[in-house]
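Residue-level listing of the chains:
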Amino acid sequence: VHQLIERGRLLMASHQEAFHHHTGDALFAGRHHPLARQKALLPDQLAPFRQLCLNTLGSPAPASTHPRRWLAPSYLMLLDMTRLGFGWAELPSWMAQTFGRDELVQLDVAGWPRPIPIDLVWSPGRRPGLAAAWVRQFLAGMSGEPLSPA
């Protein structure tokens, strides 16, 4: 990776000169699901309800000890199954807000939402181009904080 960055053939990767940003996944249910009306849930209180999980083709089934679990082959299907009230799911917050509109409710569960780190990396000797500058500005705008070297 380091050699590709130095040669200018790779702009983004996970390496030394990284800028960190956090986005998050949260737990969601359809607005008519029984969990959508509950506040201050503990993770154990989700057990009686079906968990919906992403399981893309070719990937191993997600590790879960949940007794009632259905799998979806794509985020779009996972979002639709959640929206239609088949259960609750972990979804990227941006996706639920963008495509779930007013049909999904973020569940108030202890320990959620969980941040997901994103690394943006470039060669210190090479100035990022327009697209990379846009990505950097976009990530900084999502957090509301300036990006800083790791």
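Note that this is a predicted model, so its numbers are computed, not measured.

## Looking at the overall build of the protein
For step 1, the next point in the chain: Across its full length, the protein holds four helices and six strands.
For step 2, the next point in the chain: Going from N to C terminus, the protein has its helices and strands arranged as α-β-β-β-α-β-α-β-β-α.
For step 3, the next point in the chain: Per-residue burial for the protein yields a buried fraction of 34% across its 150 residues.
For step 4, the next point in the chain: Intrachain contacts of the protein at a sequence separation of at least 6 include 62% that bridge at least 24 residues.
For step 5, the next point in the chain: In the structure as shown, the protein presents an accessible area of about 9,700 Å², 56% of it carried by carbon and sulfur atoms.

## Quick look at the packing of aromatic side chains
For step 1, the next point in the chain: Following the criterion strictly, the structure yields two aromatic pairs and no others.
For step 2, the next point in the chain: Ring centres 5.8 Å apart and planes at 40° place the aromatic pair Trp70 and Phe86 in the tilted group. Of this pair, Trp70 sits in strand 3 (residues 69-72) while Phe86 sits in the loop between helix 2 (75-83) and strand 4 (88-92), and the two are 16 residues apart along the sequence.
For step 3, the next point in the chain: Since its relative accessible area comes to 38%, Trp70 is described here as partly exposed.
For step 4, the next point in the chain: Owing to a relative accessible area of 37%, Phe86 belongs among the partly exposed residues under this scheme.
For step 5, the next point in the chain: Where Trp94 meets Phe99, the ring centres are 6.3 Å apart and the plane angle is 70°; that geometry is what we call edge-to-face.
For step 6, the next point in the chain: Note on Trp94: relative accessible area 45%, which makes it partly exposed.
For step 7, the next point in the chain: Looking at Arg50, its charged tip hangs above the ring of Trp70, at a distance of 3.8 Å from the centre.

## Side note on the confidence of the model for the protein
For step 1, the next point in the chain: Taken residue by residue, the protein gives an average pLDDT of 79. The fraction at 70 or more is 69%.
For step 2, the next point in the chain: When pLDDT is averaged over each element of the protein, strand 5 (residues 104-106) comes out on top at 97 and helix 1 (residues 2-6) at the bottom at 55.

## Notes on helix 2
Along an α-helix, a turn takes 3.6 residues, which lines up residues three or four apart on a common side.
For step 1, the next point in the chain: Listing the buried residues of helix 2 in full gives Leu78, Leu79, Met81 and Thr82. Buried positions in helix 2, seen along its axis, are confined to an arc of 165° and lie on one side of it.

## A look at the pattern of salt bridges
For step 1, the next point in the chain: In total, this model carries three salt bridges according to the counting rule given.
For step 2, the next point in the chain: The partner of Glu103 in a salt bridge is Arg83, with the nearest N and O atoms 3.1 Å apart. With Glu103 in the loop between helix 3 (93-99) and strand 5 and Arg83 in helix 2, this residue pair connects regions lying 20 residues apart in the sequence.
For step 3, the next point in the chain: Put simply, Arg101 and Glu103 hold a salt bridge, and the shortest N to O gap is 3.6 Å.
For step 4, the next point in the chain: What makes Arg101 exposed here is its relative accessible area of 60%.

## Considering the side chain of Thr82
For step 1, the next point in the chain: Positionally, Thr82 belongs in helix 2.
For step 2, the next point in the chain: When neighbours within four sequence positions are excluded, Thr82 is seen to be in contact with Phe28, Ala29, Gly30, Leu52, Gly87, Ala89, Leu91 and Leu104.

## A look at the nonpolar core
For step 1, the next point in the chain: Formed by Ala26, Phe28, Leu52, Ala72, Leu78, Leu79, Met81, Ala89, Leu91, Met95, Ala96 and Leu104, the largest nonpolar core amounts to twelve residues.
For step 2, the next point in the chain: If you list the elements that add at least two residues to this core, you get strand 1 (18-30), helix 2, strand 4 and helix 3.
For step 3, the next point in the chain: Per-element accounting of this core gives the leading share, three residues, to helix 2.
For step 4, the next point in the chain: If we ignore the near neighbours within four places in the chain, the residues touching Leu78 are Leu52, Cys53, Leu54, Ala72, Ala89, Glu90 and Leu91.
For step 5, the next point in the chain: Counting nine residues, the second largest nonpolar core, distinct from the first, contains Leu41, Leu107, Val109 and Trp112.

What counts and what doesn't
- Residues numbered from 1 in each chain as written.
- Predicted model: local features only at pLDDT ≥ 70, side-chain atom pairs only at ≥ 80, totals over all residues.
- Heavy atoms only, no water.
- Helix = DSSP H or I, 4+ residues; strand = E, 2+ residues; numbered from the N terminus.
- Buried < 20%, exposed > 50% of the residue type's maximum accessible area, 1.4 Å probe, protein only.
- Contact = heavy atoms within 4.5 Å.
- Areas by Shrake-Rupley, 256 points an atom, 1.4 Å probe, with all protein chains shown as cover.
- Phe/Tyr/Trp six-rings, centres within 6.5 Å; stacked < 30°, edge-to-face > 60°.
- Lys NZ or Arg CZ within 6 Å of the ring centre and 35° of its normal.
- pLDDT = per-residue confidence, 0-100.
- Arc of directions from axis to C-beta.
- Salt bridge = Lys/Arg side-chain N within 4 Å of Asp/Glu carboxyl O.
- Core = buried A, V, L, I, M, F, W, Y, C linked by side-chain atoms within 4.5 Å.

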